[in-house]
Structure formats: C-alpha cells, structure tokens
Amino acid sequence: MGASPRLLRRFGALLGALLVAGIVASACSSPSVNQASSESTSQLLNAGVAALKDGNTQGAGSDFHAVLKLDPTNTHKEDQIADFDLGVIEQDQNDVPAAEADYQSAIKLDAFYVGPKYNLAIEETTSDPLDAISLYRQVITIQPSDVNAIYNLGLLLYAMGQKPEGQTYLAQAIQMAPSLAKKLPAGVTP
C-alpha cells in the first residue's frame with residue numbers, strides 16, 4: 001500500500017540534500033553571525049543526510065538533533081528537514097509517538113511540506129482514519145499527481161464504507177500507474 005518507509009526515507013534524504021543545496025546557494029554573500037550559524041547548521045544537516053543515506057541512523061539522528069539545538073526557535077528550513085528525517089528514522093524504529101511529533105513540527109514550519117503529511121497519514125490510517133483521510137486529501141491538494149496518496153486514500157475510503165468515492169480514487173490511481181491494479185486487496189474493485 002503506497003511507498004515503503006525505506007523508499008520514503010530515501011526520498012526524504014534526497015529531498016533534504018536538494019533543499020540544503022538550494023539553501024546554501026541562496027545564502028547571503030556577506031559574512032555574518034547568522035550566516036556562520038546557517039553554515040554550521042547546513043553542514044550538520046548535510047552530515048545527517050549523508051549518514052542516513054549510508055544507513056547510519058544513530059549518527060543521522062544525532063546530527064538532526066544537533067541541527068534542532070542550534071536554532072531554539074525551530075523556525076528554519078533546516079529544522080523542517082531535520083524534523084522530517086528524524087520522523088522517518090523514528091517511524092522506521094516503530095517509535096510512532098516520536099515520529100508523529102517530529103512530523104507535526106515539520107508541518108508547523110511548512111504547511112505545504114507533503115512528506116511529513118504523507119508519512120503521518122500512513123501512521124494514522126489505523127489509529128485515526130478520519131485524520132489520515134484529511135491528510136491524504138491535503139497531500140493530493142498540494143501534489144495532485146501523488147499516485148501513492150491517491151491510491152492510499154482510495155483504499156482507506158473504501159475500507160471506511162465510502163466505496164463509491166474510494167473506487168473513484170482507486171480508478172484514478174490505477175489509470176496513473178496501471179501496476180497498482182495488481183496490488184488491490186481481494187474484493188476491492190476500482
């Protein structure tokens with residue numbers, strides 16, 4: 001059902017690296033205390049992303065926590081990426097409350113950041129399906145071509161008894177990615 005946590009982790013790491021590259025490229029050219037702090041934050045974030053890419057979740061987690069400690073206000077783009085990647089690590093380690101808290105922190109920094117919304121929806125599918133439905137709808141509003149969110153929303157709506165709407169989303173997802181038809185649970189029709 002949708003992207004695996006391992007794939008999402010890789011996506012998060014790649015997204016983090018791309019965002020950091022953009023942040024560094026757009027940094028001010030005049031030296032200042034804020035720039036020095038930003039550079040060390042970016043270096044820590046890059047180290048965390050590299051550690052995560054190498055499978056060193058403990059080292060990555062330490063780097064991401066250090067990023068968050070450098071900015072007590074927790075308001076910078078680096079904080080958002082660190083919160084998201086910490087959530088991925090914690091989700092992979094089945095520490096759902098910590099993962100959910102980090103995803104919520106990332107969402108507070110950017111309401112249009114789909115990664116934490118999508119991962120939070122996955123976590124809440126069984127514990128709070130109505131919230132998961134809302135989160136999937138938000139993801140689709142931000143990224144209308146997110147086939148995994150469309151597919152997962154369709155399955156969840158179908159399971160919640162909203163079969164016609166669920167079937168509509170499932171049909172849309174299968175039209176976008178025909179291989180998803182093979183993944184449909186028994187008895188579910190688009």
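The notes below deal with the structure included here. (Residues numbered from 1 in each chain as written. Predicted model: local features only at pLDDT ≥ 70, side-chain atom pairs only at ≥ 80, totals over all residues. Heavy atoms only, no water.)

## Considerations on the overall build of the protein chain
Counting secondary structure elements, the protein chain contains 9 helices and 0 strands. In sequence order, the secondary structure elements of the protein chain are arranged as α-α-α-α-α-α-α-α-α. Taking all 190 residues of the protein chain together, the buried fraction comes to 43%. Here the contacts in the protein chain between residues at least 6 apart in sequence split such that 49% fall between residues at least 24 apart. (Helix = DSSP H or I, 4+ residues; strand = E, 2+ residues; numbered from the N terminus. Buried < 20%, exposed > 50% of the residue type's maximum accessible area, 1.4 Å probe, protein only. Contact = heavy atoms within 4.5 Å.)

## A few points about the pattern of salt bridges
Two side chains bearing opposite charge may form a pair once their charged atoms approach each other closely. According to the stated counting rule, one finds 2 salt bridges in the structure shown. Between aspartate 110 and lysine 77 there is a salt bridge; the shortest N-O distance is 3.6 Å. Placement of the pair is aspartate 110 in the loop between helix H5 (96-109) and helix H6 (114-127) and lysine 77 in helix H4 (residues 77-92), with a sequence separation of 33 residues. A salt bridge links arginine 137 to glutamate 165; the shortest N-O distance between them is 2.9 Å. Linking arginine 137 in helix H7 (residues 129-142) with glutamate 165 in helix H9 (residues 163-176), this pair joins segments that are 28 residues apart in sequence. Residue classification places arginine 137 among the partly exposed positions, given a relative accessible area of 29%. (Salt bridge = Lys/Arg side-chain N within 4 Å of Asp/Glu carboxyl O.)

## Concerning the nonpolar core
In a soluble, globular protein the nonpolar side chains are often hidden away together inside. Of all hydrophobic cores here, the largest spans 33 residues; its most connected members are Tyr136, Tyr151, Leu153, Leu170 and Leu184. Of all elements in the fold, only H4, H5, H6, H7, helix H8 (147-159) and H9 reach the threshold of two or more residues within this core. For this core, the leading source of residues is H8, giving 8 residues. Among residues more than four places away in sequence, those in contact with leucine 184 are Tyr151, Leu155, Leu170, Ile174 and Pro190. Grouped together as the second largest cluster of nonpolar side chains are 12 residues, Ala60, Val67, Ala82 and Leu86 included. (Core = buried A, V, L, I, M, F, W, Y, C linked by side-chain atoms within 4.5 Å.)

## Comments concerning the packing of H4 against H5
The contact between H4 and H5 brings their axes to 8 Å, and the two run at 160°. With respect to H5, the element H4 is oriented roughly antiparallel. In the packing of H4 onto H5, the handedness of the crossing is left-handed. Only Ala98, Ala99, Asp102, Tyr103, Ser105, Ala106 and Leu109 of H5 make contact with H4, whose side of the interface consists of Asp79, Gln80, Asp83, Phe84, Leu86, Gly87, Val88, Glu90 and Gln91. For the contact of H4 with H5, the class distribution of residues is 8 nonpolar, 4 polar and 4 charged. (Axes fitted to C-alpha atoms, helices over the stretch in contact; angles between N-to-C directions. Parallel < 35°, antiparallel > 145°, perpendicular 65-115°, else oblique. Left-handed = near helix turned anticlockwise from the far one by under 90°. Nonpolar A, V, L, I, M, F, W, Y, C, P; charged D, E, K, R; others polar.)

## Points about the side chain of lysine 117
Following the sequence through the fold, lysine 117 ends up in helix H6. Of the side chains bearing the opposite charge, aspartate 110 lies closest to the buried lysine 117, which forms no salt bridge; the N-O distance is 8.1 Å. Of the polar contacts made by the side chain of lysine 117, one reaches the side chain of glutamine 138; its length is 2.4 Å. Not counting residues within four places of it along the chain, the set of residues in contact with lysine 117 comprises Ile107, Ala111, Leu135, Gln138, Val139 and Ile142. (Lys, Arg positive; Asp, Glu negative; His and termini not counted. Polar contact = N/O pair within 3.5 Å; in protein donor to acceptor, adjacent residues only side chain to side chain.)

## Considerations on the packing of aromatic side chains
One pair of aromatic rings is described through two measures. These are the centre distance and the angle between the planes. Under the defined criterion, the tally for this structure stands at 3 aromatic pairs. Judged by centre distance (5.4 Å) and plane angle (55°), the ring pair of phenylalanine 84 and tyrosine 113 falls under tilted. Here the residue phenylalanine 84 occupies a position in helix H4, and tyrosine 113 occupies one in the loop between H5 and H6, the gap between them amounting to 29 residues. Among the residues examined, phenylalanine 84 registers a relative accessible area of 1% and is labelled buried. Its relative accessible area of 5% is what places tyrosine 113 among the buried residues. Feature note: the residues Phe84, Tyr103 and Tyr113 constitute an aromatic cluster, connected by ring pairs. (Phe/Tyr/Trp six-rings, centres within 6.5 Å; stacked < 30°, edge-to-face > 60°.)

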